[in-house]
Amino acid sequence: MTELRLHNSKTRRKEVFAPIDPDDVRMYLCGPTVYDRAHLGNARPVVVFDVLYRLLRHVYGEDSVTYVRNFTDVDDKINATAKARKDAGAEGTLEQLIHERTVETIGWYHADMDALGALRPDAEPRATAYIGAMIAMIERLILSGHAYAKDGHVLFRVRSYQDYGALSGRSVDDMIAGARVEVAPFKEDPLDFVLWKPSDEELPGWNSPWGRGRPGWHIECSAMSYELLGDTFDIHGGGIDLQFPHHENEIAQSCCAHPEGSFARYWLHNEMLQVEGKKMSKSLGNFFTVRDLLDRGIPGEVIRFVFLQTHYTKPMDWTAEKAAQAEAVLRKWRGLVAGIEPAPSPAPSVIAALSDDLNTAGALAELHAMTGDPALLKTSARMLGLLEDHMGDWVAPKADLTAHADHLAALRATAMQAKDFAPVDAFKAALLDAGVEVRMSKAGVELLPGVGFDPARLPPLN
RNA sequence: GGCGGGUUGGCGGAGAGGUUACGCAGCGGAUUGCAAAUCCGUGAAGACCGGUUCGAUUCCGGUACCCGCCUCCA
């Protein structure tokens with residue numbers, strides 16, 4: 001069996017991956033808070049873990065991998081949107097309006113991630129469906145002395161968990177020194193974080209032993225991973241920005257509530273995304289969503305290719321230049337594999353690259369070496385979610401240029417006789433100007449709509 | 001202040017203690033009415049300073065610069 005090696009954030013080393021049960025490999029990815037369209041940065045972990053999911057399925061078998069990715073649908077930004085709708089006169093309770101909003105957002109998320117060629121996880125739990133499990137976990141934490149209730153809040157007693165900070169490499173005392181923790185009257189210690197908080201009438205809430213309220217952010221992942229994957233599972237992932245405090249808190253909650261288990265054994269974190277060398281932010285004006293790119297005509301497969309060019313542990317820079325290059329490569333490859341029956345299995349070199357901590361850039365390099373064997377290229381590319389049939393519509397000609405091609409061929413034939421190439425050159429120049437790629441060979445004339453193709457600027461046929 | 005990541009040829013971007021990464025661009029050639037596309041060939045690197053070593057871009061230490069996290073965030 002292929003030996004998989006993964007960089008484990010927990011140990012800060014590349015380790016051989018050994019699943020608890022090779023017939024039931026389990027991984028959890030922190031999913032989106034569904035308050036709006038996913039931005040480009042949200043898509044990076046999705047693509048990275050999609051490749052990991054494909055690899056695990058390849059190595060252990062399609063039915064031997066369980067991939068869970070949650071939807072966070074309890075959140076103040078969602079509440080704000082729902083409240084704004086209610087204030088604007090929308091029908092229904094606040095909870096119903098929240099549900100409507102999140103259903104809408106989840107639909108967008110699915111459409112956008114599907115466009116990137118990401119396989120759907122085996123389970124996509126919504127936090128609101130697991131409130132009972134969260135309450136049960138909080139009760140266990142209170143009983144074991146790791147949490148306490150105060151003024152309608154329940155807080156996790158950070159100093160009760162000795163290994164707190166191990167994942168992100170900080171000590172509790174360092175954090176006090178940093179002093180950027182919220183001090184509140186209901187906290188025993190400024191480091192303690194919220195498991196449950198009260199809701200007023202303006203906010204969604206659920207009944208609990210501590211009154212009507214809602215869960216803190218971190219508890220949902222602990223509760224859902226426990227319910228769906230058990231007290232010990234293989235891989236947990238997300239963006240590096242989640243490492244602290246979110247993942248640190250998840251570990252504390254899960255390990256204290258279920259000391260018999262060891263929670264996630266391998267932690268994978270992807271680095272952040274930049275745009276043209278800068279952090280993507282609304283203030284810099286370089287903020288955009290996946291849908292924005294798709295609407296601009298950049299195919300999801302191209303976005304995916306650009307992502308895979310950079311190793312997931314390094315910051316990735318999105319640039320228009322990279323997108324253009326990726327499109328050219330994919331166009332070429334799609335031309336090579338069109339109508340070709342895929343090879344029975346992917347190239348070992350590609351599996352080897354991916355098995356080495358998801359070296360997707362290395363795997364792409366291997367694909368370049370395979371252009372002489374389109375069948376193998378096709379099958380191997382699919383390990384990366386590329387060159388799949390359902391992803392290829394974008395390469396189809398955007399217009400029927402047969403008439404123009406025939407006209408150009410006729411002009412050329414005349415020109416060959418008359419030794420006067422001016423008319424054919426003029427027509428060709430006009431085509432190029434309209435964004436058409438012109439290919440003339442002994443075999444004939446081929447016209448392809450290029451990147452800047454504009455049908456309105458096509459020359460008349462006379 | 002604390003924690004973490006990065007710095008490779010014109011650009012993007014990997015692996016490996018000693019042998020060509022790869023892609024794009026460039027250059028030369030084939031081909032073409034001219035181009036494009038395609039094919040063949042080709043130059044070019046490892047932030048800086050030390051150390052280990054027969055040998056380091058690759059390991060260790062330091063410096064500089066860039067970036068992220070520590071607050072909602074993928």
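Scroll up for the structure.
Residues numbered from 1 in each chain as written. Chains lettered and ligands numbered in written order. Predicted model: local features only at pLDDT ≥ 70, side-chain atom pairs only at ≥ 80, totals over all residues. Heavy atoms only, no water.

Overview of the pairing of strand S9 (residues 232-239)
Within S9, eight of the eight residues are buried, leaving the element largely enclosed by the surrounding structure. In this sheet, S9 lies alongside strand S3 (residues 25-29) in parallel orientation, the contact comprising three bridges. Paired with Leu-29 across the strands is Gly-237, a residue of S9. Pairing analysis gives seven bridges linking S9 to strand S10 (residues 263-270), with the strands arranged parallel. Bridge pairing links Gly-239 to Asn-270 in S10. Taken together, S9, helix H7 (residues 243-257) and S10 form a β-α-β motif whose crossover is right-handed. (Buried < 20%, exposed > 50% of the residue type's maximum accessible area, 1.4 Å probe, protein only. Helix = DSSP H or I, 4+ residues; strand = E, 2+ residues; numbered from the N terminus. Pairing = 2+ DSSP bridges. Right-handed = clockwise from strand over helix to strand, strands pointing away.)

Observations concerning the protein's contact with RNA strand B
In the vicinity of RNA strand B, 46 residues are found, and the nearest of them are Trp-217, Gly-239, Leu-242, Asp-425 and Met-440. Backbone atoms, meaning sugar plus phosphate, form 64% of the atoms of RNA strand B positioned within 4 Å of the protein. In the model, a sugar or linking oxygen of RNA strand B is placed 3.3 Å from a nitrogen or oxygen of the Gln-309 main chain. A per-element tally of the surface near RNA strand B places helix H10 (residues 320-337) first, with four residues. The residue inventory of the surface near RNA strand B, partitioned by class, reads 14 nonpolar, 17 polar and 15 charged. (Near = heavy atom within 4 Å. Polar contact = N/O pair within 3.5 Å; in protein donor to acceptor, adjacent residues only side chain to side chain. Nonpolar A, V, L, I, M, F, W, Y, C, P; charged D, E, K, R; others polar.)

Digging into the sheet that holds S9
Spatially, the four strands line up as an open sheet ordered S4-S3-S9-S10, and their pairing is parallel. The open sheet terminates on both sides in strands that have one partner only, identified here as strand S4 (65-69) and S10. Each strand of the sheet is rotated relative to its neighbour by a mean of 20°, with strand direction disregarded. Of the strand pairs in this sheet, S3 and S4 are connected by five bridges, and their pairing is parallel. Within S4, the position partnered with Arg-26 by the bridge is Thr-66. Helix-sheet contacts for helix H1 (residues 40-60) involve S3, S4, S9 and S10, and the interaxial angle to S3 is about 175°. (Axes fitted to C-alpha atoms, helices over the stretch in contact; angles between N-to-C directions. Contact = heavy atoms within 4.5 Å.)

Re the packing of aromatic side chains
Any pair of aromatic rings gets described here by the distance separating the centres and the angle formed by the planes. Evaluation of the coordinates by the stated rule reveals nine aromatic pairs. Judged by centre distance (5.3 Å) and plane angle (85°), the rings of Phe-233 and Phe-263 are edge-to-face. One end of the pair, Phe-233, is in strand S9; the other, Phe-263, is in strand S10, and 30 residues separate them in sequence. Phe-263 carries the same exposure label as Phe-233, and that label is buried. With 5.8 Å between their ring centres and 65° between their planes, Phe-305 and Trp-333 make a pair best called edge-to-face. Remark: Trp-333 occurs in helix H10 and Phe-305 occurs in helix H9 (residues 300-308); sequence separation between them is 28 residues. We note that Phe-305, like Trp-333, is buried. Each residue in the set Phe-17, Tyr-60 and Tyr-266 is aromatic and connected to the rest through ring pairs, giving one cluster. The ring of Tyr-53 carries Arg-57 above its face, with NZ or CZ at 4.9 Å from the centroid. Over the face of the ring belonging to Tyr-35 we find Lys-77, whose NZ or CZ atom lies 4.5 Å from the ring centre. (Phe/Tyr/Trp six-rings, centres within 6.5 Å; stacked < 30°, edge-to-face > 60°. Lys NZ or Arg CZ within 6 Å of the ring centre and 35° of its normal.)

By themselves, these are just geometric observations and shouldn't be taken as functional.
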